[in-house]
Amino acid sequence: MTTETHKVAVIGSEPQDDVSLLDILDHVLNSGVVIHGSLVISLAGVDLVYLGLNAVLTSVETAMRHLDTRR
Amino acid sequence: MDGPAAVEPMICAGLVCWVSRVSRVEFADRLAANMEDLQWLASASVRHQRVVSEIARHAAVLPARFGTVFLSQQSLEKDVRRRKRTLVEAFKRVADADEWGVKVFTTRSAAPPVSARSGREYLRRKAALLQERPLAQVDAEVRSFASELKRIARAGTAGGKVSAGQRNLEWQASFLLPRNRRKDLQRILQRFAAKWGESRRIECTGPWPPYSFVSAHDN
């Protein structure tokens, strides 16, 4: 369901909704990452992830589409 | 839980654990390095999210933090038994509720592009832009939007770090919202969207599994 009433977008309420990679990373990584059994709340790289993210977004999304069509 | 490996259920201390047998090298020994490889990070996070979301559609779920690896089935069972009470409490805390992400973007004036003489200076300035602004510095109208959302939510937390540097992002947060409050959420979103018209844009994503609300101290 994508509602474009006024300026609100509610995304993800239906399984077929396309949630952006950025939002996925935000939620999946928000409470930290476990590395070598230790909880790492703020990864050295995470704050800077966004800086380089745009560069890989396209290639990753293409890769994910390939993954989907292979199913 | 992740990887292209199959996901299988295991019963531990009366709870169902969904696990997949992943490469020890990829997910333990080299995880720190892989986390810096954006291509790897993005693919692995998307797979993680798909698996957790699919399970969450059928049952209440407590998502393990990304990168949680047990070296054996025995060590998983031992850990679940040891934390059983905490896990049961966490299930109660997130019962019949979902995580929702809310972002407010300003559409008035674009932030000036970051310019710098050197690569290092560019990164320093860009990192400064990523610093989270305290709520007190956020516009009063956005603060009142935030407090209305907080009132209908069971818990709330600052939004994700990854998108903190998105252009024109004014404020963001994640909320744990009881399912019977979804109409209230919709009403608040509509009201503020109507009020702000062209000056601001609201983005709301969800329902997410309760990634940010598994541990009590995260709230």
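Residue numbers here run from 1 along each chain, matching the order of that chain's written sequence. Working convention: letters from A go to chains and numbers from 1 go to ligands, in the order in which they are written. Per-residue local features of the predicted model are confined to residues with pLDDT of at least 70, and side-chain atom pairs are confined, for both listing and counting, to 80 or more; whole-chain, interface and lining totals are unaffected and use all residues.

Some words on the overall build of chain B
Phase 1 of the analysis: A tally of helices and strands in chain B yields 8 helices and 6 strands.
Phase 2 of the analysis: Helix and strand labels come from DSSP, where a helix needs a run of H or I of at least four residues and a strand needs a run of E of at least two; each type is numbered from the N terminus. For chain B, the α and β elements follow one another from N to C terminus as β-β-α-α-α-α-α-β-α-α-β-β-α-β.
Phase 3 of the analysis: Note that contacts rest on C-beta atoms placed from the backbone: two residues are in contact if these are within 7 Å. Within chain B, contacts between residues at least 6 apart in sequence are counted, and of these 71% link residues at least 24 apart.

Some words on the overall build of chain A
Phase 1 of the analysis: Along chain A, the regular secondary structure elements total 2 helices and 3 strands.
Phase 2 of the analysis: Across chain A, helices and strands are ordered from the amino to the carboxyl terminus as β-α-β-β-α.
Phase 3 of the analysis: Residues are called buried when their C-beta atom has 20 or more other C-beta atoms within 10 Å, exposed when it has 12 or fewer, and partly exposed otherwise; all C-beta atoms are positioned from the backbone. Counting all 71 residues of chain A, 28% fall into the buried class.

Regarding the packing of helix α1 (residues 21–29) of chain A against helix α3 (residues 38–56) of chain B
Phase 1 of the analysis: In this analysis, axes come from line fits to C-alpha atoms, helices being fitted only over the stretch in contact, and the angle between any two N-to-C directions falls in the range 0 to 180 degrees. Across the interface, α1 of chain A lies against α3 of chain B with an axial gap of 9 Å and an inter-helix angle of 75 degrees. For the element pair α1 of chain A / α3 of chain B, the angle class is roughly perpendicular. Of the residues in α3 of chain B, those touching α1 of chain A at L21, I24, L25, V28 and L29 of chain A are A42, S45, V46, H48 and Q49 of chain B. Put simply, angles under 35 degrees are roughly parallel, angles over 145 are roughly antiparallel, angles from 65 to 115 are roughly perpendicular, and the rest are oblique.

With respect to unusual backbone geometry
All names here are of chain B.
Phase 1 of the analysis: That bond from G206 to P207 is cis: its omega, 0 degrees, falls within 30 degrees of zero.
Phase 2 of the analysis: Mapped onto the elements, P207 comes out in strand β6 (residues 200–208).
Phase 3 of the analysis: With a phi angle near 50 degrees, A13 is a residue other than glycine that sits in the positive phi range.
Phase 4 of the analysis: The residue A13 is located in the loop between β1 (7–12) and β2 (15–20) in this model.
Phase 5 of the analysis: The class of A13 is partly exposed, set by 15 C-beta atoms lying within 10 Å.
Phase 6 of the analysis: At D96, a position not held by glycine, the phi torsion is positive, near 50 degrees.
Phase 7 of the analysis: Considering the arrangement of structural elements, one finds D96 in the loop between α5 (84–94) and β3 (97–106).

Notes on the pairing of β2 of chain B
A regular strand places its side chains so that they alternate between the two faces of the sheet.
Phase 1 of the analysis: Bridging between β1 of chain B and β2 of chain B involves 6 bridges; their strand directions are antiparallel. For V7 of chain B, the partnering residue across the bridge sits in β2 of chain B and is S20 of chain B. Strands were regarded as paired on the criterion that DSSP finds at least two bridges between them.

Section: the confidence of the model for chain B
Residues and elements named next belong to chain B.
Phase 1 of the analysis: Averaged over every residue, the pLDDT of chain B is 85; residues scoring 70 or more account for 82%.
Phase 2 of the analysis: Residue-level confidence of the predictor is what pLDDT reports, using numbers from 0 through 100. By mean pLDDT, the top-scoring element of chain B is helix α7 (residues 140–152) (96), and the lowest-scoring one is helix α6 (residues 119–130) (62).
Phase 3 of the analysis: The ipTM value of the predicted complex is 0.79, and its pTM value is 0.78.

Quick look at the pairing of β3 of chain B
All names here are of chain B.
Phase 1 of the analysis: In terms of residue burial, β3 counts as a mostly covered element, since 8 of its 10 residues are buried.
Phase 2 of the analysis: As defined by bridge partners, β3 adjoins strand β5 (residues 169–178) across 9 bridges and the pair is classed as antiparallel. Residue pairing across strands places W100 opposite F175, the latter belonging to β5.
Phase 3 of the analysis: Relative to β6, β3 runs antiparallel, the two sharing 7 bridges. Note that in β6 the partner of G101 across the bridge is T205.

Topic: the environment of D79 of chain B
Residue and element names in this part refer to chain B.
Phase 1 of the analysis: In this structure, D79 sits in helix α4 (residues 73–82).
Phase 2 of the analysis: Classification of D79 by C-beta neighbours within 10 Å gives partly exposed; the count is 16.
Phase 3 of the analysis: Expressed as a C-alpha distance, the spacing of D79 and A13, which sit 66 residues apart in the sequence, is 9.9 Å.

Looking at the packing of α7 of chain B against helix α8 (residues 182–196) of chain B
All names here are of chain B.
Phase 1 of the analysis: Where α7 meets α8, the closest approach of the two axes is 10 Å, and the angle between their N-to-C directions is 170 degrees. Taken together, the axes of α7 and α8 are roughly antiparallel relative to one another. Seen from α7, the contacting residues are F145, E148, L149 and I152; seen from α8, they are D184, L185, I188 and F192.
Phase 2 of the analysis: All amino acids are sorted into three groups, where Ala, Val, Leu, Ile, Met, Phe, Trp, Tyr, Cys and Pro are nonpolar, Asp, Glu, Lys and Arg are charged, and the leftover types, Gly among them, are polar. Grouping the constituent residues of the contact of α7 with α8 by class yields 6 nonpolar, no polar and 2 charged.

Here we look at α1 of chain A
Phase 1 of the analysis: In terms of burial, α1 of chain A is largely enclosed, as 8 of its 9 residues are buried.
Phase 2 of the analysis: Residues of α1 of chain A that are buried: L21, D23, I24, L25, D26, H27, V28 and L29 of chain A.

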